[in-house]
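# Structural overview for review
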Amino acid sequence: MKKLTSITVLWVFGLIAGPLWADVIGSRTSATPIQVGAGAALCAPVTNIQVVPFVTLHDNQRVVITFSAECSVKAPDTSTWLNIDILVDGVEISPTQTTDNAFCTSRGNNVLDGWVSAATTGVYVVPDPGLHTALVRGSLIGCSDVTDDQWRIDDMATIIMK
C-alpha cells in the first residue's frame, strides 16, 4: 500500500507541475577554428564568431542562449582572457555584457595550450515577435600586440531556447 501511495503522489504531482522542457528555436555549430593573434587587430573584438537567426511568436518572449567551444589563450601572463559576449539584435545580454567573464584564460607560459571546453549562457526578454539575430562576439582582455598574444576557439555551438 505504501508503494501505491508513493506512486499516486508522484503521478498527481506530475499532473500539477506539468511537463518541463524548453523548445530549441535556433542553433548553429561549427568545427572550423577561429584563431586571432599578432598585431593591432588582435585587440579589436571579433564580432561574427557565430550568427544565429531565430523567430519569436509573442511579445516579451524570454530566450536562453548558450555558446560553447573549445578555447585557448596565449599570453606571457595569467591575466589575459577571452571574453565572450552574446548579443540579440545588437543588444548585449545579461550576464555576458561585462568584460570580466573569462571564457578561457592564458596559462602564462606564452604558448597556445591549456585547452578547455567552456560555455556561457545569457537570458534575454525579446520585446517584439518576429525574426531576430543572436550574435557571439569575442575580445581578448589584457591583450598586447607587442607580446604576440593569441586566442583560438573551435568546435563551437550556439543554442537558443524559449
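Figured I'd write up the structure that's included with this text.

What counts, and at which threshold
- Residues numbered from 1 in each chain as written.
- Predicted model: local features only at pLDDT ≥ 70, side-chain atom pairs only at ≥ 80, totals over all residues.
- Heavy atoms only, no water.
- Helix = DSSP H or I, 4+ residues; strand = E, 2+ residues; numbered from the N terminus.
- Buried < 20%, exposed > 50% of the residue type's maximum accessible area, 1.4 Å probe, protein only.
- Areas by Shrake-Rupley, 256 points an atom, 1.4 Å probe, with all protein chains shown as cover.
- Core = buried A, V, L, I, M, F, W, Y, C linked by side-chain atoms within 4.5 Å.
- Contact = heavy atoms within 4.5 Å.
- Disulfide = S-S within 2.5 Å.
- Polar contact = N/O pair within 3.5 Å; in protein donor to acceptor, adjacent residues only side chain to side chain.
- Phe/Tyr/Trp six-rings, centres within 6.5 Å; stacked < 30°, edge-to-face > 60°.
- Salt bridge = Lys/Arg side-chain N within 4 Å of Asp/Glu carboxyl O.

## What to know about the overall build of the chain
Counting its secondary structure elements, the chain contains one helix and 10 strands. Starting at the N terminus and walking to the C terminus, you meet the elements of the chain as α-β-β-β-β-β-β-β-β-β-β. For the chain, buried positions account for 35% of its 162 residues. A total of about 8900 Å² of accessible surface is found on the chain, and carbon and sulfur atoms cover 60% of it.

## Thoughts on the nonpolar core
Generally speaking, nonpolar side chains in soluble globular proteins are found buried as a group. Formed by 30 residues in total, the largest nonpolar core has its most connected members in Ile49, Ile65, Phe67, Leu82, Phe103, Trp151 and Ile153. Looking at this core, the elements with two or more residues in it are strand E2 (34-37), strand E3 (46-56), strand E4 (61-74), strand E5 (81-88), strand E7 (102-105), strand E8 (116-126), strand E9 (130-141) and strand E10 (150-161). Sorting elements by how many residues they give to this core places E4 first, with six residues. With near-sequence residues (within four places) excluded, Trp151 lies in contact with Ile34, Gln35, Val36, Leu42, Val46, Ile49, Ser72, Val73, Leu82, Leu112, Gly138 and Leu140.

## Here we look at the state of the cysteines
Enumeration according to the criterion identifies one disulfide in this entry. One disulfide bridge connects Cys71 with Cys104, the sulfur atoms lying 1.8 Å from each other. Handedness here is read from the sign of the S-S torsion; for Cys71 and Cys104, about -50°, the answer is left-handed. Of the two residues, Cys71 sits in strand E4 while Cys104 sits in strand E7, which places them 33 residues apart along the sequence. Considered together, Cys71 and Cys104 belong to a single accessibility category, that of buried residues.

## Quick look at the side chain of Ser139
Tracing the sequence through the fold places Ser139 in strand E9. Beyond its immediate sequence surroundings of up to four residues, Ser139 is in contact with Pro45, Trp81, Leu82 and Asn83.

## Comments concerning the side chain of Asp85
On the secondary structure map, Asp85 appears in strand E5. Among the polar contacts made by the side chain of Asp85, one reaches the side chain of Asn83 at a distance of 3.2 Å. Not counting residues within four places of it along the chain, the set of residues in contact with Asp85 comprises Glu92, Thr96, Gln97, Thr98, Leu135, Val136 and Arg137.

## Some remarks on the packing of aromatic side chains
For the structure on display, the rule yields one aromatic pair. Judged by centre distance (5.6 Å) and plane angle (35°), the rings of Phe67 and Phe103 are tilted. Here Phe103 lies in strand E7 and Phe67 lies in strand E4, a separation of 36 residues in the sequence. Relative accessible area serves as the criterion here: at 0%, Phe67 is assigned to the buried category.

## Looking at the pattern of salt bridges
One pass over the full model with this rule turns up five salt bridges. Across the salt bridge formed by Arg137 and Glu92, the nearest N and O atoms sit 2.0 Å from each other. Taken as a pair, Arg137 in strand E9 and Glu92 in strand E6 (residues 91-92) lie far apart in primary sequence, 45 residues in all. Shared partners join several salt bridges into a network, and the residues in it are Asp85, Glu92 and Arg137.

## Describing the environment of Ile25
By the secondary structure assignment, Ile25 is in strand E1 (residues 24-30). Taking C-alpha positions, Ile25 is 5.7 Å from Ile160, a pair spaced 135 residues apart along the chain.

## Quick notes on unusual backbone geometry
Phi is mostly negative for residues that are not glycine, and the peptide bonds are mostly trans. For the peptide bond that leads from Ser94 to Pro95, omega is 0°, which places it in the cis range. Mapping Pro95 onto the fold places it in the loop between E6 and E7. In this structure, Asp155 is a non-glycine residue whose phi angle is positive, near 50°.

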